[in-house]
Amino acid sequence: MSTKTANIYIENFVNNILSIRNLYHPSVKMCIPVKAQAYGHGAVRMAVEALAAGVEYLAVATAEEGAELRANNIRCPILLLSIAGKEEIDAVVDNELTSFVHSKEYAVLLAQSAKKQNTRAHVHIKIDTGMGRIGCPPDQTSSLAAFIDSCKELCLDGVCTHLSVSDTLDDSDKHFTQNQIKLFTNAVNSIVSLGIEPGIIHCSNSGAVFLHPDSCFNMIRPGIAAYGYYPNPIIAQYMQSKYPDFTGLKPVMELCSKISQIKTIEKGQPVSYGRTWVSESNTTIATIPMGYADGLHRSFSPGICVSINGKKYPIIGRICMDQCMADLGNDDSINEGDTVIFFGPNSNCLTADDFAAAAKTISYEVLTSIGQRVKRIYV
Ligand SMILES: *Cc1c(COP(=O)(O)O)cnc(C)c1O
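Residues numbered from 1 in each chain as written. Predicted model: local features only at pLDDT ≥ 70, side-chain atom pairs only at ≥ 80, totals over all residues. Heavy atoms only, no water.

Enquirer: Would you take a moment to explain the overall build of the protein chain for this structure?
Expert: If you tally the helices and strands in the protein chain, you get 12 helices and 19 strands. Each of the three principal axes of the protein chain carries a C-alpha extent, and together these read 80 × 45 × 35 Å. For the protein chain, the proportion of its 379 residues judged to be buried stands at 53%. A fraction of 67% describes how many contacts in the protein chain between residues 6 or more apart in sequence connect residues 24 or more apart. Of the roughly 16800 Å² of accessible surface on the protein chain, a fraction of 49% belongs to carbon and sulfur atoms. (Helix = DSSP H or I, 4+ residues; strand = E, 2+ residues; numbered from the N terminus. Buried < 20%, exposed > 50% of the residue type's maximum accessible area, 1.4 Å probe, protein only. Contact = heavy atoms within 4.5 Å. Areas by Shrake-Rupley, 256 points an atom, 1.4 Å probe, with all protein chains shown as cover.)

Set out below in structure tokens:
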């Protein structure tokens, strides 16, 4: 039995997928990214549950992540959201991962590997319309499409782009996103005008799913929303006012531990490394076996509270590698071995957004940081 656990509420994951799907016409496909161990939730199990909920596509960030899904008998199309290294190309083709393609040179590598393995490689053209990360320039889309079309070992299954500011309500960001979508639409049309079938057309991450619903084309790729968080808390308020019927997102992960020691200390006594926290009165301290090596970043303290038996208590002093301390005040109802909740779906504890705010980061980083020592328990 572990004292570091993450309860994964499958019911909430399914609720989020179905709620998002309900915002769209049933013909719009869903691709759920399960990269980075499904944002920390566990890739194989979340992949299985997403498919059971009717999702058509999965996405991963590395060839190894794709291979893990295939080794666990997951047979649906799996999109590789990055450019593989030369040494990974054979594994990409062998595992039947659908590759992003950004250049003719890369298309050639895939085609050569496919030929060697006596198969075809499935690809989506990735266009860089303003993210500045991976993709071909919009004006090279049609020549790349023509080249792919001429390679009998390659099969063009789709065309896509990625949006960099689809998650803010700022006017200049909205304008930038609309321009990305316009460049993308024109690039797709340049493929169609060659008489080449572009396949599945997609660009919507979670931000666009909520803020740019008219631009879903024929597939959406929401990641963080499936795991129960809006890309930022402002969108939560926006959705509540704009779509009162939207059933909302429910956090999927609940991060828990158990108190290892309770002790009383006197006024003036320091707690943890650096003596950054000193008690202002006699008080009770709980030591909890969860630390920065488990993903509880040092920068969370001060700022976060934990929930014990339904009440909140502040984490005080520096978070250590494997442990942290909470100030229980003069509460004597709490015992060693009691369950501590860091964040999760219940209203009496904080959320990953609250933790992110304390460390000036985003829920994505909080969730993907939860370490391998934390046992995932599927509820
Ligand atoms: C991770 C990723 C997504 C999902 O983004 P969210 O903001 O989590 O919805 C979509 N598309 C690409 C290309 C990605 O890398």
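There is more to say after this.
Enquirer: What exactly am I supposed to notice about the environment of Met219 here?
Expert: Positionally, Met219 belongs in strand S9 (residues 219-220). Taking C-alpha positions, Met219 is 5.2 Å from Val28, a pair spaced 191 residues apart along the chain. Leaving out residues up to four positions away in the same chain, Met219 has contacts with Val28, Lys29, Met30, Cys31, Tyr57, Leu79, Ile200, Ile201, His202 and Cys203.

Enquirer: Sorry if this is basic, but what is going on with the sheet that holds strand S6 (residues 121-127) here?
Expert: The strands that make up a sheet are held in pairs by hydrogen bonds between backbone atoms, and each pair lies either parallel or antiparallel. Spatially, the 8 strands close up into a barrel ordered S2-S3-S4-S5-S6-S7-S8-S9, and their pairing is parallel. Alignment of strand S4 (residues 78-80) against strand S5 (residues 97-101), held across 3 bridges, turns out to be parallel. Its bridge partner being in S5, Leu80 is matched across the sheet by Ser99. Sheet strands in contact with helix H1 (residues 10-22) are strand S2 (29-33) and S9, and its direction is about 140 degrees off that of S2. Helix H6 (residues 104-116) contacts S5, S6 and strand S7 (154-161) of the sheet and is inclined by roughly 155 degrees relative to S5. (Pairing = 2+ DSSP bridges. Axes fitted to C-alpha atoms, helices over the stretch in contact; angles between N-to-C directions.)

Enquirer: In this structure, what is going on with the environment of Asp294? I would like to understand it.
Expert: Relative to the helices and strands, Asp294 resides in the loop between strand S14 (283-288) and strand S15 (305-308). Accessibility expressed as a relative area gives 0% for Asp294, which makes it buried. In this structure the C-alpha to C-alpha distance between Asp294 and Gly371, which are 77 residues apart in sequence, comes to 4.4 Å. Leave out the neighbours within four places in its chain, and Asp294 touches Lys4, Pro289, Met321, Asp322, Ser369, Ile370, Gly371, Arg373 and Val374. Among the polar contacts made by the side chain of Asp294, one reaches the side chain of Arg373 at a distance of 2.9 Å. (Polar contact = N/O pair within 3.5 Å; in protein donor to acceptor, adjacent residues only side chain to side chain.)

Enquirer: It is not clear to me how unusual backbone geometry should be interpreted in this structure. Could you clarify?
Expert: Apart from glycine, the bulk of residues carry a negative phi angle, and the bulk of peptide bonds sit in the trans form. Residues Ser301 and Pro302 are joined by a peptide bond in cis, for which omega reads 0 degrees. With respect to the helices, strands and loops of the structure, Pro302 is situated in the loop between S14 and S15. Backbone geometry places Asn118, a non-glycine residue, at a positive phi of 60 degrees. Note that Asn118 resides in the loop between H6 and S6.

Enquirer: Could you clarify how one ought to interpret helix H4 (residues 63-71) in this entry?
Expert: Note: α-helices contain 3.6 residues per turn, so residues at a spacing of three or four share the same orientation. Taken together, the buried positions of H4 are Ala63, Glu65, Gly66, Leu69 and Arg70. Within H4, the buried residues cover an arc of 160 degrees as seen down the axis, which keeps them to one side. Seen from the buried face of H4, the exposed residues on the opposite side, beyond 90 degrees, are Glu64 and Ala71. Once H4 ends, the next one or two residues include Asn73, with phi positive near 70 degrees. (Arc of directions from axis to C-beta.)

Enquirer: Is there a simple way to think about the pairing of strand S3 (residues 57-60) in this case?
Expert: It is a general feature of regular strands that their side chains alternate between the two faces of the sheet. Every second residue of S3 is oriented toward a common face, with Tyr57 and Ala59 on one face and Leu58 and Val60 on the other, all of them buried. Here S2 runs beside S3; their pairing, made up of 3 bridges, is parallel. Within S3, the residue paired with Pro33 across the bridge is Ala59. With 3 bridges connecting them, S3 and S4 associate as parallel partners. Residue pairing for S4: Ala59 is matched across the bridge by Leu79. The parallel pair S3 and S4 is bridged by H4, and the resulting crossover is right-handed. (Right-handed = clockwise from strand over helix to strand, strands pointing away.)

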